[in-house]
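# Coordinate analysis (summary)
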Amino acid sequence: MEEQKFDKPDAQAEPEEIPAVEKKVDPAELNKVKLLFKYFDTAFSTMKLYPPGNPSVEKTVGIFDEKLREFLEEYDEMRIGIGEFNFRYKNEIAFQDEEKKRSLPFFLFKDGMRQLSFFKGLDSKELQYFLNILKEAIDLPSEESDAVGLLWEKDFVNIRYYALDEFLDLKIGGGDKAKDFEVDPGKFKGGKIELTPEDIAEVKDQQDMLMFEQPKKGEGEGDREGMEGSDQRIPALTPEEAPEIEKLLEKGRRMTSEGELVDLLFEILYFEKSDGQFADVLKMLEKYFLEIVRSADFSKALGILKNVHELKENLRDKSEEKIMLLDKVEKNAKDESSKSLLKKLYLDDKVKDYDSFFQYLEILGPEVVTVVGIAWENAKDMVHKHKAADILREIGKKDVGALLYFAKGSNVSLSLEIMSMMEAIGDLKEVHHFEGFVDHPNKDIRLEVIRVLGKVASQDANKILVRFLADNDVEVSVFAAQNLKYLGDQEVFEFVLELAKDKEFIRRTRMEKSSMLNYLASAKHDEAYALFRSFLKKWSLFSAAKQNETRFCVVSALESHPSPQAREVLQEGTKVFGRSVRQACRVALSQMEHKAEPQQESKDDERT
Amino acid sequence: MAREIQRPAGKYTDEEKKTLSKTIEELFIRFTSALKTAQIFEPNNVAFIQQLKPLYFLIQSLLKSLDKAILQFRGNALFFNTIRIKVDFHSYQRFKFLVAEFKQKEIESIGFEPDLSADELAHFIVIFAKSREKRLKTFEDFESAMEAQGIKNITLEKLHPFDPNLRMTPDEVKRSCKKVFLKSIIHLHEVMEREKKHEKLHFKTTRRLIQTIINLISFDESFMLGMTNIKNYEEYTLNHSINVTILALCFGRRLGLEKNELVELGMSAFFHDIGKLEIPLEILNKKGKLDDEEWEIMQEHPRRGLTKLVLLQDLSYFPIRALSVALEHHVWANHKGYPQSWKKKELNLFSKITKICDVFDAITTKRIYRDFSFTREQALSMMLEKSGEEYDTLLLRVFANMIGVYPVGTLVALNTGEIAVVVETNPEEAFMLRPKVKLVTDEQKEKIDGEIVDLAEKDPETDQFKKTVVNTLDPDKYGIKISDYFLAQAMG
């Protein structure tokens, strides 16, 4: 505690002026009081050390409470005289502690308290209330701590105290202004006041009016004069207006300190010309902003961020320095520690208003995608899940790379969810972000990526899709091949062609071969047809089944992508080794012609 | 009516307190009405009986449900069964009346027992109401009178020795008022000096000062309002800030603000003009009209004040509302005035209160650029003309009713030819035109250090009022320094 200097206050202010208490004290009574003071002191000490609710605090306070009430049952009142380092009971010193930092008497004495009384009827609740106030005073820094000041604001039923009125004398100097307040009463006498003619006239007029308006003897007091007079000059208030005033007070009370402070800080920031003061005030705002976020009040946090943004817009082209400082605030709101905090608040279910929380995440943007992901994965209910998904979608629209990067490291369900959003995100130009998924450990995700790339149908998408052709999982490689679309990209075509030319090609599964050959057929490329010819002609005893399977895939591919060259190859196929292959080629050719005929027929119909 | 609560007095939950509050309010109104009626009418008068009956039944009903019915006066507040009786502008005068009665009789509590009869209650009310008439000067006198009437089911408790109402006589209160006024100016000066040096401020002393002012207002509101007649235009900001603080606190009490709210309001008013530290003295003290540039600088002081307070303080110990007041005390109710705001559209209640008090004190003070001041009566008239535009209508009316038709410090001419200074307004609304005044001249207008007279007093022979105000006068015209009459009362 700070060093206190105490000049002795005027003698008349000392407790001796309080009506005299008994001088004699029963020794047994005094012993009880001494013990009680020890309990009081112990309770006070534990309160200083530990937070409320701590078992030691509850125990020591409980003991003091119990013993005090026992005492009051017997003696009605315990009146304590408070000395600088002691407590007195009926003028006997009953407790002493001269160590300022610790001393309970000093703690009360320094704030001007000189007597404290507890009365019979005191219950635990009231005593706890009293001790809580002492605790509040303990927790304040010494220059602000004021137990008496805090007690003043409260109502106690069974606790009274007396504090010096002259306390302020100890805190505020005398100064030389006192002489300005001295008055010589002699100046009130002597001399005469001569009213001005105007005042004389007015007084006379009023006196004349009064003569006519004198109430008759027996009339009620003030019934004519008072009410009329006040109505004319000052409109009287009616009982009906009492609720209006109460409303005004309640409205005033509803404005929270925090909210008001933030509003005020923005008022300063908007108008502040000095960069230095702007920075200082912004620092303060940021400090409160962080406290608000920590308290999980996101509707306020959201309001602040929006205002920061708006302030930036208003100050653009006016002050680079201020814009930079505001940018930093926005950036700090999304830094790693802020993100960790947001995650924790969500996971611990500390958020006050989830609507605002999600709006807050949305306004923070792509940098908090990990937080949104956590919210999605751990969503309290479907509403939260949908909100999180909406934000992820919005993030994807702004920065698909960030979203996909996040998806890569996420769990399967979230990654799949993100993939499913890709269509909704719209025109995906930056497909290179999908490259990272080629070796993703999860098959479903790889399949989903292939599906998305298939829908994109671009040369860049194809370049990634071909990489999936080497996937260990057949289903993946097949699906990739199925989603390949020939778009004139030679590089991809040649890659697939080389794969098909590989001697191990025939050992691939039927689906694999079918899809890859389909792609090659769709290219309608001479090299593809050359390959098809070689497949149809090739025959060997070894791997006959696989070879035939391949030949059938070729036939099917050619049939799916008819062209004169395809017809030619099939025609040649009707003459190769293997009756079933020859038959397949004939059927394919027949199907091709059949598909061509309806067009001819319709043309004939038109003629007729 | 209160529902049945099977619990002894003093142990109510918040919910129970809420339920009881309307009933308690009714009891308070009926009790004071019965007392006032008893002061005028005889016990067998119909008017008195009409007041007594519902009061009796209400007390009986409360006794049935609550076991006890105790009206208590502690530390300038009234309680019923330990529940504080809320005071607002509408009940303020009743509160003041009852508090004065309790104080005068040194009564701390009045307890009604279950066997209370209507007769006992009637006798008690009469004794209580007519105690002055019956010359019952002390608590013991009063108790004896009750015993003589056989009142057994009403118990009284005397004011506790600790009660502040016992510690000071009315004269001591006045001396304290003067001392605290002086201390306030010194303290504000110290605070401003620290601000100029950018030293950190601590608010413990300021809070205590405000609490002391509130205590003194509760003891003698009129005298504290009288102190606001002290004007020093050379150290205008200091004196003015203290006057505004006192006015605002009186105002806040009338509105029914809680204790902690009053402290915040006091601190808000105390610091409202701190921004003027940033305004060059040449502008503050300029005798003539400010040019456009100077006016623009002057208009900065609210925002400068806000910035000052925000940057120099640890706001954990400073009321946030005081920041709003520093910024908004020149903003009009219709949002004109200055400074203009960017986002903040809702004016803080304390800003509205402080604005009214600020303007009132400002225009009743001579300024360096204005060698006359308006009287309080004129100031109120001028302000009422701008009700709704510059000032909140309802708040201004509460303020005007507080200040009264003849505000404390008004120089008045009486029908007897005497000239007097209003020293205390009459708490009765019906007697707003009949304050207490201190005579400063005799009937021939010779200056005297006269007595204080109550203009509500009647001549028993004629049943006419002894003296009546016929006109208000401008003290400056006659070289009368109103504040001297108050300072003189506070000389020890």
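Keep in mind it's a predicted model, so treat the numbers as computed, not measured.

This part is about the overall build of chain B. In terms of helices and strands, chain B carries 19 helices and twelve strands. Here chain B holds 492 residues, and the buried ones make up 61% of them. At a minimum sequence separation of 6, the contacts of chain B that also span at least 24 residues come to 67%. With the model as given, the accessible surface of chain B reaches about 19000 Å², and the carbon-plus-sulfur share is 48%. The distance from the centre of the 72 positive side-chain charges to the centre of the 73 negative ones in chain B is 3 Å.

The next subject is the overall build of chain A. Counting its regular elements, chain A contains 28 helices and five strands. The C-alpha radius of gyration of chain A comes to 46 Å, more than 25% above the 25 Å expected for a compact globule of 608 residues. Counting the 608 residues in chain A, one finds 46% classified as buried. On chain A, roughly 31200 Å² of surface is accessible, and the fraction owed to carbon and sulfur atoms is 51%. If you average the places of the 92 positive and of the 120 negative side-chain charges in chain A, the two averages end up 9 Å apart.

Our next topic: the sheet that holds strand β6 (residues 411-414) of chain B. Each strand in a sheet pairs with its neighbour through backbone hydrogen bonds, running either in the same direction (parallel) or in the opposite one (antiparallel). All names here are of chain B. Sheet architecture is open: five strands sit in the order β9-β8-β7-β6-β12, paired in antiparallel fashion. Because the sheet does not close on itself, it has two edges, and the strands there are β9 (452-454) and β12 (469-473). Ignoring which end each strand starts from, the neighbouring axes of this sheet average 40° apart. Alignment of strand β8 (residues 436-439) against β9, held across three bridges, turns out to be antiparallel. Across the sheet, the residue bridging to lysine 436 is aspartate 454, located in β9. Helix α19 (residues 482-489) rests against β6, β7 (419-424), β8 and β9 of the sheet, and its axis sits at about 55° to β7.

In this assembly, 123 residues from chain B lie in contact with 117 residues from chain A. Counting each side, the surface lost to burial between chain B and chain A is near 10800 Å², with a carbon and sulfur contribution of 61%. In this structure, the connection of chain B to chain A is made through 17 salt bridges. Residues glutamate 108 of chain B and arginine 160 of chain A are paired through a salt bridge, measuring 2.5 Å at the closest nitrogen-oxygen approach. Of the residues in the side of chain B that touches chain A, the class split is 57 nonpolar, 29 polar and 37 charged.

Once that is clear, we can look at the sheet that holds strand β5 (residues 159-163) of chain A. Residue and element names in this part refer to chain A. Judged by pairing direction, the sheet is antiparallel, and its five strands sit side by side in the order β3-β2-β1-β4-β5 without closing on themselves. Only two strands of the sheet have a single partner each, and these edge strands are β3 (92-96) and β5. The average undirected angle you get between the axes of adjacent strands in this sheet is 25°. Relative to strand β2 (residues 86-89), strand β1 (residues 77-82) is paired through two bridges, and the arrangement is antiparallel. Following the sheet pairing, isoleucine 82 is matched in β2 by phenylalanine 87. Set on the sheet, helix α1 (residues 27-49) makes contact with β1, β2, β3 and β4 (113-119); between it and β3 the angle comes to about 25°.

Now for unusual backbone geometry. Residue proline 339 of chain B follows tyrosine 338 of chain B across a cis peptide bond; omega there is -10°. Mapped onto the elements of the fold, proline 339 of chain B is located in the loop between α15 (320-328) and α16 (349-363). At aspartate 349 of chain A, a residue that is not glycine, the phi angle is positive and equals roughly 60°. Summarising the element assignment, aspartate 349 of chain A is placed in the loop between α14 (336-347) and α15 (354-364). Phi angles above zero are rare outside glycine, and histidine 198 of chain B is one such case at about 60°. Its place among the elements puts histidine 198 of chain B in the loop between α7 (170-196) and α8 (204-219).

As a further point, take helix α24 (residues 510-523) of chain A. Residue and element names in this part refer to chain A. Over its 14 residues, α24 runs 20 Å from end to end, which matches the ideal 20 Å to within 8%, given 1.5 Å per residue. For α24, the buried fraction is high: ten of the 14 residues fall into the buried class. Residues of α24 that are buried include every one of Glu512, Lys513, Ser514, Ser515, Met516, Leu517, Tyr519, Leu520, Ala521 and Ala523, and no others. Buried residues along α24 sit against α22 (474-483), α23 (490-501), α25 (526-537) and α26 (544-560). Phi turns positive one or two residues past the end of α24, at lysine 524, with a value near 50°.

What follows is about the confidence of the model for chain A. All names here are of chain A. The pLDDT averaged across chain A works out to 86; a share of 90% of its residues lies at or above 70. Across residues 217-231, where pLDDT falls below 50, the model places 28 contacts with residues more than four positions away in sequence or in other chains. With pLDDT under 50 throughout, residues 601-608 is counted as low confidence; its partners more than four residues away or in other chains account for one contact.

Another point: a nonpolar patch on the surface. On the surface, Trp539, Leu541, Phe542 and Phe577 of chain A cluster together to form a nonpolar patch covering roughly 530 Å² of accessible area. Along the chain, phenylalanine 542 of chain A falls in the loop between α25 and α26.

All names here are of chain B. Mapped onto the secondary structure, glycine 252 falls in helix α10 (residues 236-255). Residue class for glycine 252 comes out buried when judged on its relative accessible area of 0%. Sequence separation between glycine 252 and aspartate 459 is 207 residues; the distance between their C-alpha atoms is 37 Å. Contact partners of glycine 252, with chain neighbours within four places excluded, come to Leu257, Leu262 and Leu265.

Right, let's talk about the packing of aromatic side chains for a bit. Residue and element names in this part refer to chain A. Inspection of the entire model under this criterion finds 49 aromatic pairs over all chains. Ring centres 4.7 Å apart and planes at 0° place the aromatic pair phenylalanine 40 and phenylalanine 64 in the stacked group. Placement of phenylalanine 40 in helix α1 and of phenylalanine 64 in helix α2 (residues 55-75) is noted, with a sequence separation of 24 residues between them. Judged by its relative accessible area of 0%, phenylalanine 64 falls in the buried class. For the pair tyrosine 486 and phenylalanine 493, a centre-to-centre distance of 6.0 Å together with 70° between the ring planes defines the contact as edge-to-face. Here tyrosine 486 falls in the partly exposed class, since its relative accessible area comes to 25%. Judged by its relative accessible area of 0%, phenylalanine 493 is buried. The rings of Phe37, Phe40, Phe64, Phe87, Phe95, Phe118, Tyr129, Phe130 and Phe156 are connected pair by pair, giving a single aromatic cluster.

Next up on the list: the pattern of salt bridges. Throughout the structure, instances matching the rule amount to 77 salt bridges over all chains. Lysine 344 of chain A is paired through a salt bridge with aspartate 348 of chain A; the nearest N and O atoms lie 2.6 Å apart. Look at aspartate 348 of chain A and you get partly exposed, because its relative accessible area is 35%. Close ionic contact of glutamate 140 of chain B with lysine 158 of chain B constitutes a salt bridge, the shortest N to O distance being 3.3 Å. In this pair, glutamate 140 of chain B sits in helix α5 (residues 139-148) while lysine 158 of chain B sits in strand β5 (residues 154-158), placing the two residues 18 residues apart along the sequence. When its relative accessible area of 41% is taken as the criterion, glutamate 140 of chain B is described as partly exposed. Among the ionic contacts, a cluster of salt bridges with common partners joins Glu246, Glu250 and Arg253 of chain A together with Lys86 and Glu261 of chain B.

All names here are of chain B. Here strand β2 (residues 77-80) shows no split at all, with Ala77 and Phe79 on one side and Leu78 and Phe80 on the other all buried. Bridge count for strand β1 (residues 69-74) against β2 is four bridges, and the pairing is antiparallel. Looking across to β2, one finds that phenylalanine 73 is bridged to leucine 78. Counted between consecutive antiparallel strands, the loop separating β1 from β2 contains two residues, among which glycine 75 sits at a positive phi close to 50°. Where β2 folds back onto strand β3 (residues 83-84) in an antiparallel hairpin, the turn is made up of two residues, including asparagine 81, whose phi is positive at roughly 45°.

Turning our eyes to something else, we now look at the packing of helix α10 (residues 257-271) of chain A against α15 of chain B. At a closest axis distance of 9 Å, the pairing of α10 of chain A and α15 of chain B adopts a crossing angle of 35°. For the pair α10 of chain A and α15 of chain B, the crossing hand works out as left-handed. Contacts between α10 of chain A and α15 of chain B involve Ser257, Glu260, Leu261, Leu264 and Glu267 of chain A from the first element and Ile320, Arg321, Leu323, Ser324 and Leu327 of chain B from the second. Here the residues of the contact of α10 of chain A with α15 of chain B are counted per class, giving five nonpolar, two polar and three charged.

About the criteria used
- Residues numbered from 1 in each chain as written.
- Chains lettered and ligands numbered in written order.
- Predicted model: local features only at pLDDT ≥ 70, side-chain atom pairs only at ≥ 80, totals over all residues.
- Heavy atoms only, no water.
- Helix = DSSP H or I, 4+ residues; strand = E, 2+ residues; numbered from the N terminus.
- Buried < 20%, exposed > 50% of the residue type's maximum accessible area, 1.4 Å probe, protein only.
- Contact = heavy atoms within 4.5 Å.
- Areas by Shrake-Rupley, 256 points an atom, 1.4 Å probe, with all protein chains shown as cover.
- Lys, Arg positive; Asp, Glu negative; His and termini not counted.
- Charge placed at Lys NZ, Arg CZ, Asp CG, Glu CD.
- Rg over C-alpha atoms; globule rule 2.2 N^0.38 Å.
- Pairing = 2+ DSSP bridges.
- Axes fitted to C-alpha atoms, helices over the stretch in contact; angles between N-to-C directions.
- Buried area = accessible area lost by both parts, 1.4 Å probe.
- Salt bridge = Lys/Arg side-chain N within 4 Å of Asp/Glu carboxyl O.
- Nonpolar A, V, L, I, M, F, W, Y, C, P; charged D, E, K, R; others polar.
- Expected span 1.5 Å × (residues − 1).
- pLDDT = per-residue confidence, 0-100.
- Patch = residues over 30% accessible without salt bridge, like charges linked within 9 Å, V, L, I, M, F, W, Y side chains within 5 Å.
- Phe/Tyr/Trp six-rings, centres within 6.5 Å; stacked < 30°, edge-to-face > 60°.
- Left-handed = near helix turned anticlockwise from the far one by under 90°.

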